[in-house]
Amino acid sequence: MQPTQRRLANAIRALAMDAVEAANSGHPGMPMGMADAATALFTRFLKFDPKDPRWPDRDRFILSAGHGSMLLYALLYLTGYERPTIDDIKHFRQLGSPCAGHPENFELPGVEVTTGPLGQGLAMAVGMAVTERHLNAIYGDDLVDHHTYVIAGDGDLMEGVNHEAVGLAGNLKLGRLIVLWDDNRITIDGSTELSRNEDVVARYAASAWHTVECDGLDSGKVSKAIEEALADPRPSLIRCKTIIGYGAPHKQGTEATHGAALGAEEVAAARVELGWDMPPFEIPNDVLETWRAFGGRGAEERASWIERLEASGHKQAFLARLSGKPDESWLKPHLDSLLANPPKVATRKASEMALEAINSAVPSTIGGSADLTGSNNTKTKALEPLTPENYAGRYIYYGIREFGMAAAMNGMALHGGVIPYGGTFLVFTDYARPAIRLSALQGAKVIYVMTHDSIGLGEDGPTHQPIEHLQSLRAIPQLEVYRPADAVETAECWALALANDGPSILALTRQNLSPVRTQATGENLCARGAYRLKSAGAARKVIFLATGSEVEIALAAAECLEREGIGADVVSMPCTERFDAQPQDYREDVLPDVSNREILRVSVEAGTTFGWERYTGLHGLRIGIDRFGVSAPAPAAYEYFGLTPDKIAAQVLDTLQQRDMR
Ligand SMILES: Cc1ncc(C[n+]2csc(CCOP(=O)(O)OP(=O)(O)O)c2C)c(N)n1
Ligand SMILES: [Mg+2]
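Residues numbered from 1 in each chain as written. Chains lettered and ligands numbered in written order. Predicted model: local features only at pLDDT ≥ 70, side-chain atom pairs only at ≥ 80, totals over all residues. Heavy atoms only, no water.

A. Broad picture of empty space enclosed by the protein. All chains considered together, the criterion is met by five cavities of 30 Å³ or more. Here the largest cavity defines a volume of roughly 110 Å³. Lining the largest cavity are 15 residues, with Leu46, Phe61, Tyr81, Gly110 and Glu112 sitting closest to its centre. Here the residues of the lining of the largest cavity sort into nine nonpolar, one polar and five charged. (1 Å grid on protein atoms, 1.4 Å probe; cavity = no way out; pocket = protein on both sides within 12 Å on 5 of 7 lines; lining within 4 Å. Points joined across faces, edges and corners; volume = space filled by probe spheres on them. Nonpolar A, V, L, I, M, F, W, Y, C, P; charged D, E, K, R; others polar.)

Shown next as structure tokens:
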């Protein structure tokens with residue numbers, strides 16, 4: 001006789017209890033409460049094949065409540081993924097085990113996205129669901145026909161980003177997005193009554209979602225709710241009423257089960273309660289075999305999908321898109337045309353010019369903006385809006401939802417088949433920062449088009465003028481921050497961002513810039529991160545290090561110094577991360593040994609000077625803005641902060657004089 005659904009679910013409960021017990025850390029409550037609902041989903045609905053975790057037409061499952069990671073690890077093991085092994089699970093949360101504290105997409109191929117920062121899993125799922133519809137519109141049901149399922153907790157639904165994600169999904173009518181809410185009325189501090197009295201279901205309903213409620217501890221009832229959700233054309237919220245830590249007789253229903261080992265005594269009592277008489281980490285044969293049989297369910301579907309792919313005229317194009325390696329043929333002709341007639345434009349405009357070329361050569365880009373399309377210059381002429389009536393469109397109006405946009409773009413990138421880029425003002429990277437960090441952690445190929453990148457935006461004033469932003473973004477590991485100086489550098493940086501496997505940020509100006517690169521080089525100079533744009537004429541006493549809009553200012557300041565007989569190099573530094581990765585001899589050629597007191601290094605960037613000593617040395621000069629900005633036209637603001645060639649040259653001359661370096 002086949003084990004009951006409850007007994008299958010109890011295998012999840014046991015593994016979760018035992019792994020947390022062994023680690024003496026972790027979260028048993030959530031997996032124990034949602035084990036029945038997850039069993040319903042994985043045994044009756046989810047389309048997947050453990051033999052090929054990355055099968056492109058699999059359903060996507062996102063455990064937004066990432067603290068319940070043992071739920072996912074147990075499911076992957078039970079259904080027969082190669083990893084985690086039972087040994088991996090025994091080493092839950094230990095160094096070297098892929099069963100990290102929270103699910104990490106780079107640790108296990110069965111983990112779609114990294115979750116743990118609450119709210120973001122569900123928001124990424126929105127991006128996955130829209131990508132499914134987009135690719136379906138292009139390639140049809142034969143190749144793309146799947147669903148996106150989420151398990152989310154109270155925390156996921158309380159976070160502000162949930163409002164953004166729900167609004168986006170409702171407006172885009174993402175009917176294949178199905179969220180199972182673990183309504184256990186408990187969070188870390190205790191009852192949800194302490195902190196919430198909103199009607200969550202009504203909020204979703206008001207956002208054009210379908211909603212349904214069920215007993216989350218009854219897998220049959222959960223299945224019925226999922227069926228109803230599948231039949232409804234709107235995105236669905238399934239409210240699963242559950243009990244946190246279900247099965248632990250003395251602790252269930254309380255926050256005590258949320259994030260701590262239950263303790264040997266309670267685990268023993270739970271084993272009795274659940275009728276589970278196996279030793280830790282052992283699963284009875286009949287249970288494991290049944291789970292594995294459910295895990296094998298998708299093999300046939302995958303085989304027939306492969307047949308359809310082989311027979312499809314789209315095969316090459318489809319696989320090329322999934323490879324994520326975009327065509328680079330657009331760059332050379334684009335650079336040639338820029339060099340033929342170097343434009344004096346803002347780099348946001350230069351970005352639009354590059355995008356015109358990119359979007360016609362690279363069909364996988366999907367652009368968008370958080371309601372600043374005309375300012376970010378993100379929409380090129382041929383792009384049509386992506387709407388419920390036209391999912392094939394390639395431009396998303398994200399609305400004023402910076403965080404939701406960034407999280408959705410992570411989901412899109414990790415779904416595969418599209419390269420998302422999206423814009424807002426650089427200052428509002430703060431609104432998107434938690435998702436930018438997750439782009440970096442997850443290696444998601446997302447391109448952030450961040451315009452109005454300094455006081456150069458002018459009259460909007462201090463609230464809109466980024467100061468600490470560039471440096472704080474550069475501090476995020478595995479994120480490439482680009483600040484190009486003119487149209488040629490902007491095109492080069494776009495090419496690098498498209499080739500990068502992880503995320504990139506393009507910091508672009510509102511104000512027009514003079515071209516600084518007017519000669520063909522046959523090489524992407526920005527690829528080095530920093531390069532000598534101008535060599536000293538007279539004996540070199542100064543090296544200017546400048547980025548973006550300050551490069552032309554540094555060039556003019558260098559000219560002033562040369563007139564005084566002082567040689568000055570100008571180094572353009574569009575990407576410090578890339579420069580740091582260059583071989584030592586290259587770095588030392590551009591920036592001779594920091595201890596060299598014969599040469600004054602001067603950084604020029606219209607933002608915080610914090611951190612620039614990394615390149616100037618402590619005895620160097622750092623010219624920037626260490627306070628909030630001002631409301632004034634851009635030239636007046638630059639003048640006010642001393643960021644003009646004359647003032648910079650005077651400051652450098654003073655310093656040289658004081659130090660007897662003239
Ligand atoms: C953005 C964010 N803030 C805080 C936390 C810390 N945290 C982890 S779980 C949790 C409580 C979540 O409650 P709920 O989703 O109801 O989970 P349950 O206790 O029901 O398992 C908190 C505050 C987090 N992981 N992410
Ligand atoms: Mg809860």
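B. Fine view of the sheet that holds strand β15 (residues 540-546). The strand order across the open sheet formed by five strands is β14-β16-β15-β17-β18, and the pairing between neighbours is mixed. The open sheet terminates on both sides in strands that have one partner only, identified here as β14 (531-534) and β18 (621-623). Adjacent strand axes in the sheet meet at a mean angle of 30 degrees when their direction is disregarded. As defined by bridge partners, β15 adjoins strand β16 (residues 567-572) across six bridges and the pair is classed as parallel. Across the sheet, the residue bridging to Ile543 is Asp569, located in β16. (Pairing = 2+ DSSP bridges. Helix = DSSP H or I, 4+ residues; strand = E, 2+ residues; numbered from the N terminus. Axes fitted to C-alpha atoms, helices over the stretch in contact; angles between N-to-C directions.)

C. A look at the layout of surface pockets. Here the largest pocket is characterised by a volume of approximately 570 Å³. Along its surface, the largest pocket is lined by 27 residues, and Leu322, Ala413, Leu414, His415 and Gly416 are the ones closest to its centre. No other element matches the four residues that helix α13 (residues 315-323) contributes to the lining of the largest pocket. Looking at the lining of the largest pocket residue by residue, the class counts come to 11 nonpolar, nine polar and seven charged.

D. Structural view of the coordination of the magnesium ion (ligand 2). Note on the magnesium ion (ligand 2): its protein donors are Asp154 (OD), Asn184 (OD1) and Ile186 (O). The metal-donor distances range over 2.1 Å. Sequence positions of the residues that donate to the magnesium ion (ligand 2) give the spacing D-x29-N-x1-I. No difference in accessibility class separates Asn184 from Ile186, as the two residues are buried. (Donors = N, O, S within 2.8 Å, 3.2 Å for Na, K, Ca; no water. Buried < 20%, exposed > 50% of the residue type's maximum accessible area, 1.4 Å probe, protein only.)

E. How the structure looks around the sheet that holds strand β8 (residues 365-369). Spatially, six strands are ordered β9-β8-β10-β11-β13-β12 in an open sheet, and the strand pairing comes out parallel. Strands with a single pairing partner mark the edges of an open sheet, and in this sheet they are β9 (395-397) and β12 (480-482). Pairwise comparison of adjacent strand axes, ignoring direction, gives a mean angle of 20 degrees for this sheet. In the packing of helix α20 (residues 487-499) onto the sheet, the strands contacted are β10 (419-425), β11 (447-451), β12 and β13 (504-507), and the crossing angle to β11 comes to about 150 degrees. (Contact = heavy atoms within 4.5 Å.)

F. Local environment of the pattern of salt bridges. With the rule as written, the count across this model stands at 39 salt bridges. In this structure, the salt-bridge partner of Arg58 is Glu112, at a minimum N-O distance of 2.7 Å. Of this pair, Arg58 sits in the loop between α2 (29-45) and β1 (60-63) while Glu112 is found in the loop between α4 (86-90) and α5 (120-139), placing the two residues 54 residues apart along the sequence. According to the relative accessible area criterion, Glu112 is buried, its value standing at 6%. (Salt bridge = Lys/Arg side-chain N within 4 Å of Asp/Glu carboxyl O.)

G. Seen up close, the pairing of β13. Taking every second residue as pointing to the same face, both faces of β13 are buried, with Ser504 and Leu506 on one and Ile505 and Ala507 on the other. Alignment of β11 against β13, held across four bridges, turns out to be parallel. Note that in β13 the partner of Ile447 across the bridge is Ser504. The pairing of β12 with β13 spans three bridges and is classified as parallel. When the bridges of β13 are listed, Val481 appears paired with Ile505. The parallel pair β12 and β13 is bridged by α20, and the resulting crossover is right-handed. (Right-handed = clockwise from strand over helix to strand, strands pointing away.)

H. Region of the structure containing the site of ligand 1. Within the structure, ligand 1 sits among 15 residues, and His67, Gly116, Gly155, Asn184 and His258 are positioned closest to it. Here an oxygen atom of ligand 1 sits 2.6 Å away from a polar atom, N or O, in the side chain of Asn184. In the model, an oxygen atom of ligand 1 is placed 2.6 Å from a nitrogen or oxygen of the His258 side chain. Bound to the protein, ligand 1 loses 74% of the 590 Å² it would expose on its own. For the shell around ligand 1, the secondary-structure elements that each account for two or more residues are α6 (154-158) and β4 (186-187). Among the residues forming the shell around ligand 1, the class breakdown is six nonpolar, seven polar and two charged. (Near = heavy atom within 4 Å. Polar contact = N/O pair within 3.5 Å; in protein donor to acceptor, adjacent residues only side chain to side chain. Areas by Shrake-Rupley, 256 points an atom, 1.4 Å probe, with all protein chains shown as cover.)

I. Region of the structure containing the packing of helix α12 (residues 299-311) against α13. Taken N-terminus to C-terminus, the directions of α12 and α13 make an angle of 115 degrees; their axes are 8 Å apart at the nearest point. By the criterion of interaxial angle, the relationship of α12 to α13 is roughly perpendicular. Contact residues: Trp305, Leu309 and Glu310 in α12; Lys315, Phe318 and Leu319 in α13. Residues of the contact of α12 with α13, tallied by class, amount to four nonpolar, no polar and two charged. (Parallel < 35°, antiparallel > 145°, perpendicular 65-115°, else oblique.)

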